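# Commentary on secondary and tertiary structure
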Amino acid sequence: MLRRLIPLLALGLSACAQLAPHPQSVSAPRPVWAMEESDVPLDPAYRAGRLANGMRFIIRRNALPKGTVQVRMEIEAGSLDEAESERGFAHFVEHMAFNGSTRVPEGEMVRLLERDGLAFGADTNAQTNFNYTLYMLDLPKNAPELLGTALMLMRETASELTFSPEAVARERGVVLSEMRDRNTWALRAAVDEMAFTNPGSLYSRRLPIGTTATLEGATAASLKAFWAREYVPAKTTLIVVGDVDPDQAEAAIRERFETWRPTAAPAQPDAGPVLPHDQNRTGIYTDPALSERVTAARNGKWLDERDTVANRREGMLRQIGYDVINRRLQRLSREPDAPFRAANLATGDVFRSGRTTTLSVDTIDGGWQRGLLAAGREYRRALDYGFTAQEVAEQVAIVRAAHRNAAGGAATRSNAALMAGAIALVRDDRVPATPASSLQRLEAFIPQITPVTVLAALKRELVSLDDPLLRFAGRTAPPGGAKAIRAAWAEAMKGRLVRTDSAATSDFAYAHFGDPGRIVADSREAALGIREVRFANGVRLNLKRTDLEQDRVLVQLSLDGGDMLATKANPLATDMVSALGAGGLGQHSQDQLQSILAGRTVGFNLSSSPETFNAVSLTTPADLALQLQLMAAYLTDPGYRPEGEVIYRQNVNAFFLRKDATPASALGSAIGGILADRDPRFTFQSAEDYRALTFQKLRRDISDRLAHGAIEIGMVGDIDEGKAIELVASTFGALPAREPAFRPYPEQRQRPFTADRARRVVRHTGAADQAIVRITWPTRDGEDPAEALKLELLEKVMRIELIDTIREKLGKSYGPSAESETSRTWRGYGTFTASASVNVADVAATRAAIAETVAELRGRPVSDDTIQRARQPMLEGLANALKTNRGWLTLVDRAQTEPDRIERLLTAADRLKALSAADVRAMALKYLTPAGGLEIDVLPTGAAAP
C-alpha cells in the first residue's frame, strides 16, 4: 500500500528520442488486479475487467448526482518515463490531446464537449504527474450518445493523435506559459527539498513541467514517438463511474477499444535511488517568502506490503501511533507561548523506491531552535515511553466514527468518492471494499488496538531519526548555520525525559440553554417543499429532507452582521472572526473540545460574509443534537482564549511574508483598494494594524450581534423534521429574544468604483518574467436576475473568445479568464473583468488582444455556435443544481428572509434559453466601453511598465 510523501506537483490542463536506461523497480511482479491475491473482499458493485489487448477497465454504477457520469483514462506514464532529452514530454503530450486527432480536428475537441454542456477546465481536464497521466471528463447527463462521445475522445487520445507541427508550435507557447506561471516560491522550495532528501534520484530530476531547453526542442516527431511508446493498452485503464448500465458501458468500452492494437509496454523506471544509509547531512534553503521550517528525515527501504487484511490492520496501528504523536505536537502548538506554529511526524513512500520518515517543525522567524528542541524531545518521549490508553482511545474513537459514517452513507456515495476508490485500485493496488465490511473488520480488531500494539507497529515502519538529514528553510539563514542546526538536534536527542500523562477528559458543558422555544409559525414553501419554522424568540429554521446523502445532515447558521459591521472608521471589525473557534469556549479550550468531541461528527468554524456571520457543518442524525449545542455554545459563551489570538497573529505574519511573492497574491492584496478608491473597508491595511487586533476588541465589535442578531438556520439531508425542530427548539429556540429581522444597514451598502481610469501598476517580488494584465469595468448589481444572467453569459462568451485568441492562437497565456460579479450586497455595484497571466514581454500584445476581443464582441453578435458553447454548460449546471445537499443548502439557508433566490433558480433556465447573441452584444456595448475599463498591470519589482 502506498502512502504518498512526494509534494503534489501534478500539472493540470485547466488545459522520438530513445529512452535512456534507468534502473527498473525491484518489487515483485504484481497481478493484473490487487484483489487477485488479496483477502480484502472487493465491493461487488465494482466491475473490473481486461481486454484482450491488455487494457484494463473499471465500471461502477451510481446515481449521485443522479443522471451524471465521470469518465477517466489513466496512462501509467508520466515524467519518470522520460529520457533526459524528453523532459516535459509527458505533459506536452497531455496538452496535444486537445489539439487534433484522426477524427477530431485541432481545436474541435473542447468545442464538441462545450456543445454538450461540459465546461473547459471544470468538466474537461487532464493532469500529468511523475508516474501517470490522467484524462478526466465529467458528463453532466447520462445520455448514451454523450458517453459514446466521451469514449470516442478517450480512444482518440490513446491512439489517434496527429501532432501536426503547426499545432505543436502553437501549444509550445501555452506549455511554456504554464511553466512560467508555476515558477513560484512554493514550487522552488519543494524542488529543493526533493533534491536534498534524495539527491541523485530520478524523480528529483523529472519535474513534470520539464525544462525550457527540452520544451523548445520538442518536435512533432519526438512528441509522437514518446506518445507511441508510452500510450499502449497494457499501461491504460479506462474508468466509468455514474448513472449508467454496467453491461451497456462495458459493451461501449469494448466496441471502442478492442481494436486498439497492443504493443510492448516499457516498464516504468525506478524513481530512486532512495538511500537508507544517507545520513548526517545538513541543508539550508532561503527565500524571502518562506515561513521558517526545519525538518529531520531518514530514508529506509520500501516496504512491499500488498493489500491484505493483516496489512491494513498493521497500517491502522501505525497511523494511530503517528496520530497520537501529532496530537501531542498539536497540543503544544496551542499553548499561549507555543514553541512552534505546527509540527508533524510522518512516514511516507517515495513511489516504490523507498520510504522516508520526517519530523517537520514550523516556527515563527527565529524560533527554529526552540521548536526543534521541543518537537525532537516529544518524538523521543513517544518512542521511549509509548502512549497512554486514553490517547489511543481518542484516536480509535475517531477511526470508528469515520468507519461508521462511511457505512451509514454507503448507499449514497458520490461519483467522486467511488471514482477515488477506483483510482486507488489502479495506482496503489488498494482494493475498494464495502464500507460495511470495513466496519465489521474494524470492530473485530479494536480489542487488539492497545498502546503496546500501536507502539510496536509504529516502530516496525518508522525509520529512526538517528543522525538525520536536517534541512532549514526560511527567509534568512540561521545564525551559526549548519553547525548550529546539528547542535540543536543533538541537544534534543540527549537528556532525561519524563513520561507525560493524559489530561482527564470532561463532559461537554453546554447541554442546556433554557426552556425549549415555542413555535409561532410553521408552513411549507410551495415550490420546493421547504419547511419554514419560526420560534417565539425570533429564530428561524428552514428544513429540507432529501434522500441524496444517507446518514448526513448539513447545517448552516446565519447570524446578522458579518462585514456590515466593518465601517470606514473600523474596517477590521470582523477580521478576527475566523479565529473565534481557536479561542475555544468559556468552559473548554479548543484542545479540550477536540478530545471531548472525538468520535463525534461535529464542528464549528465561523466566517464573516458581506451580510452575515456563517457557520456550516456536516453532521449525522445521531450527532445533530450535539452539533446544534456546539453552535449555540459558541454564540452564547465564546472563550476568546489567548491561544486563538496567537494563531491569528502567526497567520497574519505568514501572510504578509508572501503577500507580494507572486503576481496573483500581489494583485489580490492591492485590487480591493484600487477599485474602491482606497475605501478602508475594501483595502488591505498595514501588517501592524492586523497585529494590533485583539479578542478584547473583537468581543466589543461582535458581542451585540452574537447576543441579539437575527438568526436563520438551514438544515438539509437525512433528517426527521419533527426531531430536528425539537433539537433547535431546545438550543437556539431557547435563547433570549433575538431581533426579528436581519438589519438593512443602508448606510453600509455603498461601494465605490474609482472614477480614475488611469492605468495602475502593482509590483510583485516573484520571477522576473511573470506579469498579469487585468482590465475591470464597472457594471451593475444583481437585483435584476435577467440582467445578471446576461452578464454571466457574456462572461462565458468572453472566456471562450480569450482562450481562442490569447491561449490557442497567440500562445501567450496558459489561463486567460473573464468574470462577471453582480453584487446583491452593494447597491448598484458590479464588475466585469478580463485577465491573463503572461510574460512581461507580452503585456502590450496581451492588452491589445483583450481590446481586440472586446471590440469584436461590441462590433457584431457572436455566432450561434459560440452562444451554444457558452450557454449549454450553464444550462447543465442549473439542471444539476439540486442534485446534492450542498446545492439545496444555497436555497434553504435563507429561505424565509431571501425567498426570491428560489424563484430565480427555478426560472433561470428559461431566462437563459431566451437569451441571444444580440443580448450578449448589448451587454458588451453597455458596459465594456473603451474608456470605461481600468487596467491593472502586475509587474516585477524594477521592471519598466510597457
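As the structure is a prediction and not an experimental result, all values here were calculated from the model. (Residues numbered from 1 in each chain as written. Predicted model: local features only at pLDDT ≥ 70, side-chain atom pairs only at ≥ 80, totals over all residues. Heavy atoms only, no water.)

## Some words on the packing of helix α9 (residues 309-333) against helix α11 (residues 389-408)
Put simply, the test is: Convention adopted: a line fitted to C-alpha atoms gives each axis, helices being fitted over their contacting stretch, and angles between N-to-C directions are expressed from 0 to 180 degrees. Helix and strand assignments follow DSSP, with helices taken as H or I runs no shorter than four residues and strands as E runs no shorter than two, numbered in order from the N terminus. For classification, angles of less than 35 degrees are called roughly parallel, those exceeding 145 degrees roughly antiparallel, those between 65 and 115 degrees roughly perpendicular, and all remaining angles oblique. A crossing counts as left-handed when the near helix is turned anticlockwise from the far one by less than a right angle, and as right-handed when that turn is clockwise. We call two residues contacting when some pair of their heavy atoms lies within 4.5 Å. Classes in brief: Ala, Val, Leu, Ile, Met, Phe, Trp, Tyr, Cys and Pro nonpolar; Asp, Glu, Lys and Arg charged; the others, Gly included, polar.
Two elements in contact, α9 and α11, have axes whose closest approach is 9 Å; the angle formed by their N-to-C orientations is 120 degrees. Relative to α11, the element α9 lies oblique. α9 and α11 meet at a crossing whose hand is right-handed. Where α9 abuts α11, its residues M316, I320, D323, V324, R327 and R328 lie against E391, V392, E394, Q395, V396, V399 and H403. Broken down by class, the residue content of the contact of α9 with α11 amounts to 6 nonpolar, 2 polar and 5 charged.

## Remarks on the sheet that holds strand β16 (residues 553-560)
What counts here: Pairing between two strands requires that DSSP report at least two bridges joining them.
With mixed pairing, 7 strands are arranged side by side in an open sheet as β13-β14-β15-β19-β16-β18-β17. Every interior strand has two partners, whereas the edge strands, β13 (519-524) and β17 (606-608), have only one. Along the sheet, successive strands turn relative to each other by an average axial angle of 15 degrees, direction set aside. As judged from the 4 bridges shared by strand β14 (residues 531-535) and strand β15 (residues 540-545), these two strands associate in the antiparallel manner. Within β15, the residue paired with V533 across the bridge is L541.

## Describing unusual backbone geometry
Convention followed: Think of it in three bands: residues with accessible area under 20% of the maximum for their type are buried, residues over 50% are exposed, and the middle band is partly exposed, with areas taken using a 1.4 Å probe on protein chains only.
P65 follows L64 through a cis peptide bond whose omega is -5 degrees. Looking at where P65 falls in the secondary structure, it is placed in the loop between β3 (56-61) and β4 (69-75). In this structure, D467 takes a positive phi of about 45 degrees despite not being glycine. Inspection of the secondary structure puts D467 in the loop between α14 (451-461) and β12 (469-474). Overall, D467 belongs to the partly exposed group, its relative accessible area being 43%. Non-glycine residue D677 carries a positive phi angle of around 55 degrees. Relative to the elements of secondary structure, D677 occurs in the loop between α19 (663-675) and α20 (687-691). D677 gets classed as partly exposed once you look at its relative accessible area, which sits at 46%.

## Structural notes on the domain arrangement of the protein
Put simply, the test is: All domain edges in this entry derive from an automatic or database-based domain assignment. Note on terms: buried area is the combined drop in 1.4 Å-probe accessible area of two parts once they are placed together, counting the loss on both. Counted as a polar contact is a pair of N or O atoms within 3.5 Å, where, for protein atoms, one must be capable of donating a hydrogen and the other of accepting one, and residues adjacent in sequence contribute only when both atoms are in side chains.
Domain annotation of the protein identifies domain 1 (34-258), domain 2 (282-411 + 430-494), domain 3 (519-734) and domain 4 (760-861 + 916-940). Here the C-alpha centre of domain 4 lies 30 Å away from the C-alpha centre of domain 1. Contacts between the two partners involve 15 residues from domain 1, matched on the other side by 16 residues from domain 4. With both chains or domains summed, domain 1 and domain 4 bury close to 1200 Å², and 47% of this area falls on carbon and sulfur atoms. For domain 1, the biggest contributors to the area lost against domain 4 are F120, V174 and R180; these three give 42% of the whole. Inspection of the region where domain 1 meets domain 4 yields 5 residue pairs in polar contact (both at pLDDT 80 or more). Elements with a contribution of two residues or more to the side of domain 1 that touches domain 4: α2 (108-115) and α4 (165-182). Here the element with the most residues in the side of domain 1 that touches domain 4 is α4; it accounts for 9 residues. Classifying every residue of the side of domain 1 that touches domain 4 gives 2 nonpolar, 5 polar and 8 charged.

## Examining the pattern of salt bridges
Worth spelling out the cut-off: Take a side-chain nitrogen of Lys or Arg and a carboxyl oxygen of Asp or Glu: if they are within 4 Å of each other, that pair is a salt bridge.
Counted under the stated rule, the structure contains 81 salt bridges. One salt bridge connects E898 with R894, and the closest N-O pair in it is separated by 3.6 Å. Three or more residues are tied together by salt bridges with common partners; here these are R30, E37, D304, R306, R352 and D429.

## So, the UniProt feature "domain: Peptidase M16 C-terminal" (unreviewed entry) in the protein
Rules: UniProt positions are given in the numbering used here, feature names are shortened, and annotations may be inferred rather than shown by experiment.
Under the UniProt annotation, "domain: Peptidase M16 C-terminal" (unreviewed entry) lies at residues 219-284 and 695-872. Taken end to end, residues 219-284 comprises 35% helix and 15% strand; its first and last C-alpha atoms sit 39 Å apart.

## Considerations on helix α27 (residues 900-914)
Test applied: One fewer than the residue count of a helix, multiplied by 1.5 Å, yields its expected span. A residue's bend is given by the angle between axes fitted to the 7 residues ending at it and the 7 residues starting at it.
Its 15 residues give α27 an end-to-end C-alpha distance of 20 Å, which sits within 8% of 21 Å, the value for a rise of 1.5 Å per residue. Bending of α27 peaks at approximately 45 degrees at the position of A908. All of the buried residues along α27 are I902, R904, A908 and L912.

## Remarks on the nonpolar core
To keep it simple, the criterion reads: We define the nonpolar core as a collection of buried residues of types Ala, Val, Leu, Ile, Met, Phe, Trp, Tyr and Cys that are connected through side-chain atoms lying within 4.5 Å of one another.
Residues F508, L541, L630, I713, M715 and F732 are the most contacted members of the largest nonpolar core, which totals 77 residues. Of the domains in this structure, domain 3 (519-734) and domain 4 (760-861 + 916-940) are the two that each give at least three residues to this core. With residues near it in sequence (within four places) discarded, L541 still touches R531, E532, V533, F535, I713, M715, A724, I725, V728 and Q896. Membership of the second largest hydrophobic core comes to 68 residues, among which are V69, F98, F120 and V274.

## Comments concerning the packing of helix α24 (residues 843-859) against helix α28 (residues 917-927)
Orientation of α24 relative to α28, taken along the N-to-C sense of each, is 120 degrees, at an axis distance of 7 Å. Relative to α28, the element α24 is oriented oblique. Judged by the sense of rotation from one axis to the other, the crossing of α24 with α28 is left-handed. Contact residues: α24 offers L857, R858 and G859, while α28 offers R921, A924 and L925.

## Some remarks on the sheet that holds strand β10 (residues 342-350)
What the 5 strands build is an open sheet, ordered β8-β12-β9-β11-β10; its pairing is mixed. In this open sheet, the two edge strands, each paired with only one partner strand, are β8 (282-286) and β10. Sheet twist, expressed as the average angle between the axes of neighbouring strands with direction ignored, equals 15 degrees. Of the strands in this sheet, β8, β9 (292-300), β11 (354-363) and β12 touch helix α5 (residues 185-197), which is tilted by about 165 degrees from β12. Relative to the sheet, helix α15 (residues 481-492) contacts β8, β9, β11 and β12, its axis offset from that of β8 by approximately 120 degrees.

## Overview of the environment of L559
As for its position among the elements, L559 is in strand β16. Through-space distance from the C-alpha of L559 to that of V71 is 41 Å; in sequence the pair is 488 residues apart. Here L559 is in contact with E611, T612, F613, R705, L706, G709, A710, I711, R738 and F742, once residues within four sequence places are set aside.

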